[in-house]
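Architecture at a glance
What follows is each chain in one-letter form.
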Amino acid sequence: MEASLNPVQLLQWYMDIGVDEAIGEELIDRTRIVEKPPVISATILPITQVSPPPAPIIGTIEALGEAKVLAAAAKTVEELKAALEGFQGLSLKRTATQIVFADGAPTARVMLVGEVPGADEDRIGRPFAGASGQLLDKMLAAIGLSRENNVYITNVINWRPPGNRTPSEAELALSLPFVQRHIELVNPAVLVYVGGVATKALLQSSQSVMRLRGKWMDYSSEGLQQPIPSLAMFNPTYLIGSPAQKGLAWADLLMLKAKLQELGVL
Ligand code: URA
């Protein structure tokens, strides 16, 4: 089919199927000056370019140890952000435009943890900045919540995976110490997992969000004095593609509202 497309149509076709960026897993420094070896003989030797080897990436086990140490040492949300920015163990950092750390006030009593930043979040630097963010804001507003007033939002992973691919198990494992510490530092009254990736990662469960939603579950970690009541919800990105699930999402929002009223947060 593509053979009959002109270049403009071909580009449009790429965009329609989601190929909207020409990037790879590793950053290419196109400003780097590649030194050519001296020409020894004008006639015989082929001219080859010598590229220095890519910067070494530390092994996952080593990086995991470093992630745990860095996250545990953070005593404030600002220190945690700085620690994440300095962490070299996650290669996503090299392809993302910027860190997508959090939105809202860290003093908020309700904390939402989403999955991964997409293109809009990567560009703007805030979680849930695109269409799914608009839906999320509407859902929150329906029960009296907003980022401006009483909700703090982050993601399990703070850097956009190239081309919006699904994060790997290793990337999730390396991000976990930071998001766990993030929750400890905010210490909200209620924690909400937005989507399956966040639910599974933070509850260390293999069950789907469909199975885990609709009930209150205790969230615990080493640095928390007491467990936090937590609730799993569908990600708005999923709801945009599966509007039939909005009824269940509304039921979850009502559960959240009732709990916040019970705790005196709303
Ligand atoms: N945008 C985010 O920042 N997180 C999600 O989970 C989905 C969209």
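The structure under discussion appears in the preceding block.
A brief structural summary.

Conventions used here
Residues numbered from 1 in each chain as written. Predicted model: local features only at pLDDT ≥ 70, side-chain atom pairs only at ≥ 80, totals over all residues. Heavy atoms only, no water. Near = heavy atom within 4 Å. Polar contact = N/O pair within 3.5 Å; in protein donor to acceptor, adjacent residues only side chain to side chain. Nonpolar A, V, L, I, M, F, W, Y, C, P; charged D, E, K, R; others polar. Pairing = 2+ DSSP bridges. Helix = DSSP H or I, 4+ residues; strand = E, 2+ residues; numbered from the N terminus.

Quick look at the site of the ligand
Lining the immediate surroundings of the ligand are Gly114, Glu115, Val116, Glu121, Pro127, Phe128, Ser132, Asn155, Asn235 and Thr237. Phe128 is positioned with one of its backbone polar atoms (N or O) 2.8 Å from an oxygen atom of the ligand. Asn235 has a polar side-chain atom sitting 2.8 Å from an oxygen atom of the ligand. Along the lines of polarity and charge, the residues of the shell around the ligand split into three nonpolar, five polar and two charged.

With respect to the sheet that holds strand β2 (residues 110–114)
Taken in spatial order, the six strands make up an open sheet running β1-β3-β2-β4-β6-β5, and their pairing is mixed. If you trace the sheet from one side to the other, it starts and ends with β1 (102–103) and β5 (217–219), each paired once. Alignment of β2 against strand β3 (residues 151–155), held across five bridges, turns out to be parallel. The residue bridging Gly114 from the neighbouring strand is Asn155, located in β3.

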